[in-house]
Amino acid sequence: MLNLSGVVAGYGGGNVLQGVDLHCADATITCIVGPNGAGKSTVLRVISGLLRPSSGEIVMDGHEVHRMGPDEVLRRGITQVPQSHALFPSMSVEENVLMGGYLIRRDRKLLAERLDQVRTRIPIVADRSHDNAGNLSGGQRRMVEIARCLMLDPKVMLLDEPSLGLDPRSLAGVADLVHELHEAGTTVLLVEQNVRLGLGLATHGVVMEGGRVRLTGTAAEVRDHPEIAALYLGGGTPSAPASAPAPTQPSVTTP
Ligand SMILES: Nc1ncnc2c1ncn2[C@@H]1O[C@H](COP(=O)(O)OP(=O)(O)OP(=O)(O)O)[C@@H](O)[C@H]1O
Ligand SMILES: [Mg+2]
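A. Here's a closer look at the overall build of the protein chain. Across its full length, the protein chain holds ten helices and ten strands. Over its C-alpha trace the protein chain gives a radius of gyration of 18 Å, about what one expects of a compact globule, namely 18 Å for 255 residues. Expressed as a percentage of contacts within the protein chain between residues at least 6 apart in sequence, the contacts between residues at least 24 apart total 67%. Summed over its atoms, the accessible surface of the protein chain is roughly 11300 Å², and 50% of this surface lies on carbon and sulfur atoms. Where the 23 positive side-chain charges of the protein chain centre and where its 27 negative ones centre are 5 Å apart.

As C-alpha coordinates, then:
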(Lines give C-alpha, C1' and ligand atoms only; values in the text may rest on other atoms or scores of the structure.)
(Ligands and ions follow the chains in the order given, each with its own letter.)
Protein backbone atom coordinates (compact mmCIF):
# COMPACT_ATOMS: atom_id res chain seq x y z
CA MET A 1 0.00 0.00 0.00
CA LEU A 2 1.29 3.44 -0.97
CA ASN A 3 0.14 6.50 0.97
CA LEU A 4 0.87 10.17 0.49
CA SER A 5 -0.28 12.57 3.17
CA GLY A 6 0.07 16.33 3.15
CA VAL A 7 2.86 16.25 0.57
CA VAL A 8 4.24 19.71 -0.22
CA ALA A 9 6.98 20.02 -2.85
CA GLY A 10 8.30 22.37 -5.50
CA TYR A 11 11.28 23.27 -7.61
CA GLY A 12 12.72 26.28 -5.82
CA GLY A 13 10.36 28.92 -7.11
CA GLY A 14 7.48 28.10 -4.77
CA ASN A 15 5.50 24.99 -4.00
CA VAL A 16 3.90 23.05 -6.81
CA LEU A 17 2.28 20.41 -4.60
CA GLN A 18 0.22 22.14 -1.93
CA GLY A 19 -0.48 19.22 0.40
CA VAL A 20 -1.32 16.12 -1.60
CA ASP A 21 -3.13 13.16 -0.03
CA LEU A 22 -3.26 10.00 -2.09
CA HIS A 23 -3.89 6.37 -1.31
CA CYS A 24 -3.10 3.47 -3.62
CA ALA A 25 -4.16 0.08 -2.31
CA ASP A 26 -2.14 -2.96 -3.41
CA ALA A 27 -2.84 -4.28 -6.89
CA THR A 28 -4.96 -1.32 -7.95
CA ILE A 29 -4.52 0.89 -10.99
CA THR A 30 -4.89 4.55 -10.03
CA CYS A 31 -5.02 7.16 -12.74
CA ILE A 32 -4.26 10.82 -12.03
CA VAL A 33 -5.85 13.26 -14.43
CA GLY A 34 -5.92 17.05 -14.48
CA PRO A 35 -4.93 20.08 -16.50
CA ASN A 36 -1.38 20.88 -17.62
CA GLY A 37 0.76 22.09 -14.77
CA ALA A 38 -1.53 20.61 -12.09
CA GLY A 39 1.42 18.78 -10.54
CA LYS A 40 0.68 15.26 -11.80
CA SER A 41 4.24 14.48 -12.89
CA THR A 42 5.53 16.14 -9.74
CA VAL A 43 3.55 13.63 -7.65
CA LEU A 44 5.31 10.79 -9.45
CA ARG A 45 8.68 12.53 -8.98
CA VAL A 46 8.27 12.87 -5.23
CA ILE A 47 7.29 9.21 -4.96
CA SER A 48 10.29 8.03 -6.97
CA GLY A 49 12.65 10.14 -4.88
CA LEU A 50 13.70 12.46 -7.70
CA LEU A 51 12.25 15.37 -5.78
CA ARG A 52 12.19 15.57 -2.00
CA PRO A 53 9.03 16.94 -0.41
CA SER A 54 9.48 19.88 1.95
CA SER A 55 6.78 18.42 4.18
CA GLY A 56 4.33 15.56 4.35
CA GLU A 57 4.82 11.83 4.24
CA ILE A 58 5.06 9.12 1.60
CA VAL A 59 4.82 5.65 3.10
CA MET A 60 4.85 2.26 1.40
CA ASP A 61 4.28 -0.86 3.48
CA GLY A 62 5.44 0.99 6.58
CA HIS A 63 8.60 2.39 4.96
CA GLU A 64 9.15 6.14 4.82
CA VAL A 65 9.69 6.70 1.14
CA HIS A 66 9.88 10.49 1.55
CA ARG A 67 13.23 10.07 3.33
CA MET A 68 14.75 7.91 0.58
CA GLY A 69 16.84 8.82 -2.43
CA PRO A 70 15.96 7.44 -5.87
CA ASP A 71 18.18 4.34 -5.52
CA GLU A 72 16.57 3.28 -2.27
CA VAL A 73 13.09 3.91 -3.63
CA LEU A 74 13.96 1.60 -6.52
CA ARG A 75 15.26 -1.03 -4.10
CA ARG A 76 11.93 -0.87 -2.28
CA GLY A 77 10.24 -1.83 -5.54
CA ILE A 78 8.94 1.46 -6.90
CA THR A 79 9.91 2.22 -10.49
CA GLN A 80 8.98 5.05 -12.80
CA VAL A 81 8.53 5.31 -16.54
CA PRO A 82 9.06 9.05 -17.07
CA GLN A 83 6.94 11.35 -19.22
CA SER A 84 9.71 12.28 -21.65
CA HIS A 85 11.40 9.63 -23.71
CA ALA A 86 14.08 8.13 -21.59
CA LEU A 87 15.91 5.53 -23.66
CA PHE A 88 19.48 5.94 -24.88
CA PRO A 89 18.91 6.08 -28.65
CA SER A 90 22.39 4.92 -29.68
CA MET A 91 22.34 1.91 -27.37
CA SER A 92 20.65 -1.35 -28.29
CA VAL A 93 17.23 -2.33 -27.01
CA GLU A 94 18.77 -5.04 -24.82
CA GLU A 95 21.41 -2.69 -23.40
CA ASN A 96 18.68 -0.22 -22.51
CA VAL A 97 16.62 -2.93 -20.82
CA LEU A 98 19.64 -4.25 -18.93
CA MET A 99 20.23 -0.79 -17.49
CA GLY A 100 16.97 -1.30 -15.63
CA GLY A 101 18.65 -4.20 -13.84
CA TYR A 102 21.54 -2.06 -12.60
CA LEU A 103 20.71 -2.71 -8.95
CA ILE A 104 20.83 -6.50 -9.43
CA ARG A 105 23.80 -6.46 -11.85
CA ARG A 106 26.02 -8.54 -9.56
CA ASP A 107 23.53 -11.40 -9.48
CA ARG A 108 24.09 -12.65 -13.02
CA LYS A 109 21.61 -15.51 -12.66
CA LEU A 110 18.80 -13.26 -11.46
CA LEU A 111 19.62 -10.71 -14.15
CA ALA A 112 19.39 -13.41 -16.86
CA GLU A 113 16.12 -14.74 -15.40
CA ARG A 114 14.57 -11.29 -15.32
CA LEU A 115 15.67 -10.57 -18.88
CA ASP A 116 14.04 -13.83 -19.98
CA GLN A 117 10.80 -12.93 -18.19
CA VAL A 118 10.79 -9.46 -19.71
CA ARG A 119 11.44 -10.86 -23.20
CA THR A 120 8.49 -13.19 -22.81
CA ARG A 121 6.19 -10.48 -21.53
CA ILE A 122 7.30 -7.82 -24.02
CA PRO A 123 8.29 -9.58 -27.25
CA ILE A 124 9.85 -6.48 -28.85
CA VAL A 125 12.72 -6.86 -26.37
CA ALA A 126 13.59 -10.22 -27.93
CA ASP A 127 12.63 -9.36 -31.51
CA ARG A 128 14.66 -6.14 -31.72
CA SER A 129 17.28 -6.83 -29.04
CA HIS A 130 20.27 -5.68 -31.13
CA ASP A 131 18.61 -2.72 -32.84
CA ASN A 132 19.39 0.74 -31.60
CA ALA A 133 16.57 2.09 -29.44
CA GLY A 134 16.62 5.22 -31.63
CA ASN A 135 15.32 3.14 -34.55
CA LEU A 136 12.11 2.13 -32.78
CA SER A 137 8.70 3.73 -33.23
CA GLY A 138 7.18 5.72 -30.36
CA GLY A 139 5.01 2.77 -29.31
CA GLN A 140 7.92 0.35 -29.38
CA ARG A 141 10.04 2.74 -27.31
CA ARG A 142 7.27 2.97 -24.73
CA MET A 143 7.24 -0.82 -24.45
CA VAL A 144 11.02 -0.91 -24.01
CA GLU A 145 10.82 1.81 -21.35
CA ILE A 146 8.31 -0.31 -19.46
CA ALA A 147 10.45 -3.42 -20.05
CA ARG A 148 13.41 -1.63 -18.49
CA CYS A 149 11.37 -0.92 -15.36
CA LEU A 150 10.22 -4.55 -15.16
CA MET A 151 13.83 -5.73 -14.73
CA LEU A 152 13.47 -5.01 -11.02
CA ASP A 153 10.13 -6.82 -10.74
CA PRO A 154 8.53 -3.75 -9.15
CA LYS A 155 5.73 -3.74 -6.60
CA VAL A 156 4.68 -0.29 -7.74
CA MET A 157 4.93 1.00 -11.29
CA LEU A 158 4.66 4.75 -11.91
CA LEU A 159 3.74 5.58 -15.50
CA ASP A 160 3.78 9.16 -16.71
CA GLU A 161 1.62 9.73 -19.80
CA PRO A 162 2.01 6.25 -21.28
CA SER A 163 -0.22 7.15 -24.24
CA LEU A 164 1.74 10.25 -25.28
CA GLY A 165 2.38 10.24 -29.01
CA LEU A 166 1.20 6.67 -29.56
CA ASP A 167 -0.91 5.38 -32.43
CA PRO A 168 -4.08 3.40 -31.51
CA ARG A 169 -2.41 0.01 -31.96
CA SER A 170 0.51 0.90 -29.68
CA LEU A 171 -1.97 2.35 -27.21
CA ALA A 172 -3.81 -0.95 -27.08
CA GLY A 173 -0.51 -2.74 -26.51
CA VAL A 174 0.39 -0.48 -23.58
CA ALA A 175 -3.12 -0.85 -22.14
CA ASP A 176 -2.90 -4.67 -22.37
CA LEU A 177 0.44 -4.58 -20.62
CA VAL A 178 -0.91 -2.43 -17.78
CA HIS A 179 -3.76 -4.92 -17.37
CA GLU A 180 -1.32 -7.83 -17.26
CA LEU A 181 0.79 -6.10 -14.62
CA HIS A 182 -2.32 -5.42 -12.59
CA GLU A 183 -3.43 -9.04 -12.84
CA ALA A 184 0.03 -10.12 -11.72
CA GLY A 185 -0.45 -8.02 -8.56
CA THR A 186 1.56 -4.92 -9.44
CA THR A 187 0.22 -1.62 -8.12
CA VAL A 188 0.09 0.90 -10.95
CA LEU A 189 -0.09 4.67 -10.57
CA LEU A 190 -0.40 6.40 -13.89
CA VAL A 191 -0.80 9.94 -15.11
CA GLU A 192 -2.78 10.28 -18.30
CA GLN A 193 -3.85 13.22 -20.47
CA ASN A 194 -6.13 10.88 -22.37
CA VAL A 195 -8.74 10.89 -19.62
CA ARG A 196 -11.05 8.43 -21.31
CA LEU A 197 -8.24 5.95 -21.81
CA GLY A 198 -6.73 6.47 -18.37
CA LEU A 199 -9.97 6.15 -16.42
CA GLY A 200 -11.05 3.28 -18.67
CA LEU A 201 -7.90 1.41 -17.72
CA ALA A 202 -7.84 2.29 -14.04
CA THR A 203 -9.65 0.92 -11.02
CA HIS A 204 -9.41 4.29 -9.26
CA GLY A 205 -9.24 7.90 -10.36
CA VAL A 206 -7.74 11.06 -8.92
CA VAL A 207 -8.33 14.56 -10.28
CA MET A 208 -5.59 17.10 -9.53
CA GLU A 209 -5.72 20.81 -10.00
CA GLY A 210 -3.38 23.56 -8.83
CA GLY A 211 -1.17 21.16 -6.89
CA ARG A 212 -4.03 19.63 -4.93
CA VAL A 213 -6.22 16.57 -5.17
CA ARG A 214 -9.71 17.79 -6.03
CA LEU A 215 -11.55 14.52 -6.43
CA THR A 216 -10.93 10.84 -5.74
CA GLY A 217 -13.02 7.73 -6.16
CA THR A 218 -13.34 4.61 -8.18
CA ALA A 219 -12.51 5.20 -11.83
CA ALA A 220 -16.22 4.94 -12.65
CA GLU A 221 -17.18 7.49 -9.96
CA VAL A 222 -14.62 9.97 -11.25
CA ARG A 223 -15.52 9.35 -14.88
CA ASP A 224 -19.22 9.80 -14.17
CA HIS A 225 -18.81 12.91 -12.01
CA PRO A 226 -20.74 15.61 -13.88
CA GLU A 227 -17.93 18.15 -13.89
CA ILE A 228 -15.35 15.63 -15.04
CA ALA A 229 -17.63 14.45 -17.78
CA ALA A 230 -18.19 18.05 -18.90
CA LEU A 231 -14.55 19.13 -18.63
CA TYR A 232 -12.67 16.12 -19.85
CA LEU A 233 -14.98 13.76 -21.64
CA GLY A 234 -17.35 16.19 -23.30
CA GLY A 235 -16.72 19.52 -24.97
CA GLY A 236 -14.52 21.08 -22.26
CA THR A 237 -10.79 21.60 -22.62
CA PRO A 238 -8.61 19.92 -20.00
CA SER A 239 -5.92 22.59 -20.25
CA ALA A 240 -8.35 25.41 -19.43
CA PRO A 241 -11.03 24.17 -17.05
CA ALA A 242 -13.87 26.57 -16.40
CA SER A 243 -14.10 25.73 -12.71
CA ALA A 244 -12.68 23.30 -10.22
CA PRO A 245 -14.70 20.27 -9.17
CA ALA A 246 -15.87 20.18 -5.58
CA PRO A 247 -13.01 19.06 -3.31
CA THR A 248 -14.83 16.40 -1.35
CA GLN A 249 -15.99 13.20 -2.97
CA PRO A 250 -15.94 9.48 -2.17
CA SER A 251 -12.57 8.31 -0.91
CA VAL A 252 -10.58 5.74 -2.78
CA THR A 253 -11.43 2.30 -1.52
CA THR A 254 -10.08 -1.14 -2.23
CA PRO A 255 -12.08 -2.74 -5.04
N1 LIG B 1 12.04 20.88 -13.28
C2 LIG B 1 11.20 21.89 -13.02
N3 LIG B 1 11.66 23.08 -12.61
C4 LIG B 1 10.82 24.11 -12.34
N5 LIG B 1 9.47 24.03 -12.43
C6 LIG B 1 8.97 22.88 -12.84
C7 LIG B 1 9.78 21.73 -13.16
N8 LIG B 1 8.99 20.72 -13.53
C9 LIG B 1 7.72 21.19 -13.46
N10 LIG B 1 7.71 22.47 -13.04
C11 LIG B 1 6.51 23.30 -12.82
O12 LIG B 1 5.70 22.66 -11.86
C13 LIG B 1 4.32 22.76 -12.21
C14 LIG B 1 3.72 21.37 -12.25
O15 LIG B 1 4.40 20.61 -13.22
P16 LIG B 1 4.08 19.11 -13.52
O17 LIG B 1 5.07 18.67 -14.55
O18 LIG B 1 4.03 18.32 -12.26
O19 LIG B 1 2.62 19.21 -14.11
P20 LIG B 1 1.74 18.15 -14.86
O21 LIG B 1 0.42 18.11 -14.17
O22 LIG B 1 2.47 16.88 -15.00
O23 LIG B 1 1.54 18.84 -16.27
P24 LIG B 1 1.54 18.22 -17.77
O25 LIG B 1 0.14 17.75 -17.97
O26 LIG B 1 1.86 19.41 -18.61
O27 LIG B 1 2.56 17.14 -17.83
C28 LIG B 1 4.29 23.50 -13.54
O29 LIG B 1 3.99 24.83 -13.28
C30 LIG B 1 5.68 23.36 -14.09
O31 LIG B 1 6.02 24.48 -14.86
MG1 LIG C 1 3.23 15.82 -16.57
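B. Spotlight on the site of ligand 1. Close contacts around ligand 1 come from 13 residues, with Gly37, Lys40, Ser41, Thr42 and Gln193 the closest. Between an oxygen atom of ligand 1 and a main-chain N or O atom of Gly39, the distance comes to 3.0 Å. For ligand 1, whose unbound accessible area comes to 630 Å², protein coverage reaches 60%. Broken down by element, the residue count for the shell around ligand 1 peaks at four residues, all from helix α1 (residues 40–47). Tallied by class, residues from the shell around ligand 1 come to four nonpolar, seven polar and two charged.

C. Inspection of the packing of aromatic side chains at higher detail. Under the definition given, this model contains zero aromatic pairs. Lying across the ring of Tyr102, Arg105 places its NZ or CZ 3.9 Å from the centre.

D. Broad picture of helix α4 (residues 108–121). With 14 residues, α4 should cover 20 Å at 1.5 Å per step; its first-to-last C-alpha distance of 20 Å lies within 8% of that length. Taken together, the buried positions of α4 are occupied by Leu111, Arg114, Leu115 and Val118. With its buried residues spanning 100° around the axis, α4 presents them on a single face. Residues of α4 that are exposed and point over 90 degrees away from its buried face: Lys109 and Thr120. In this fold, the buried residues of α4 make contact with α3 (93–99), α5 (124–127) and α6 (138–150).

E. The arrangement of the sheet that holds strand β2 (residues 15–24) in detail. The four strands are arranged β2-β1-β4-β5 in an open sheet whose pairing can be described as antiparallel. Of all strands in the sheet, those with a lone pairing partner are β2 and β5 (63–64), marking the two edges. Relative to β2, strand β1 (residues 2–10) is paired through seven bridges, and the arrangement is antiparallel. Residue pairing in the sheet places Ala9 in a bridge with Leu17 of β2. Sheet strands touched by α1: β1, β2 and β4 (55–60). Its angle to β2, the strand with the most contacts, is close to 70°.

F. Quick peek at unusual backbone geometry. One non-glycine residue, Asp61, lies in the positive phi region at around 45°. One can find Asp61 in the loop between β4 and β5. The residue Glu161 is not glycine, and still its phi comes out positive at about 50°. Residue class for Glu161 comes out buried when judged on its relative accessible area of 2%.

G. Inspection of the pairing of strand β8 (residues 187–191) at higher detail. Counting buried positions over the five residues of β8 gives five, a clear majority of the element. Alternating residues of β8 divide into Thr187, Leu189 and Val191 and Val188 and Leu190, and every residue in both groups is buried. Pairing analysis gives four bridges linking strand β3 (residues 29–33) to β8, with the strands arranged parallel. Along β8, the bridge assignment pairs Thr30 with Leu189. What joins strand β7 (residues 156–160) to β8 is helix α7 (residues 168–183), and the crossover it makes is right-handed.

Calculation criteria
Residues numbered from 1 in each chain as written. Chains lettered and ligands numbered in written order. Predicted model: local features only at pLDDT ≥ 70, side-chain atom pairs only at ≥ 80, totals over all residues. Heavy atoms only, no water. Helix = DSSP H or I, 4+ residues; strand = E, 2+ residues; numbered from the N terminus. Rg over C-alpha atoms; globule rule 2.2 N^0.38 Å. Contact = heavy atoms within 4.5 Å. Areas by Shrake-Rupley, 256 points an atom, 1.4 Å probe, with all protein chains shown as cover. Lys, Arg positive; Asp, Glu negative; His and termini not counted. Charge placed at Lys NZ, Arg CZ, Asp CG, Glu CD. Near = heavy atom within 4 Å. Polar contact = N/O pair within 3.5 Å; in protein donor to acceptor, adjacent residues only side chain to side chain. Nonpolar A, V, L, I, M, F, W, Y, C, P; charged D, E, K, R; others polar. Phe/Tyr/Trp six-rings, centres within 6.5 Å; stacked < 30°, edge-to-face > 60°. Lys NZ or Arg CZ within 6 Å of the ring centre and 35° of its normal. Expected span 1.5 Å × (residues − 1). Buried < 20%, exposed > 50% of the residue type's maximum accessible area, 1.4 Å probe, protein only. Arc of directions from axis to C-beta. Pairing = 2+ DSSP bridges. Axes fitted to C-alpha atoms, helices over the stretch in contact; angles between N-to-C directions. Right-handed = clockwise from strand over helix to strand, strands pointing away.

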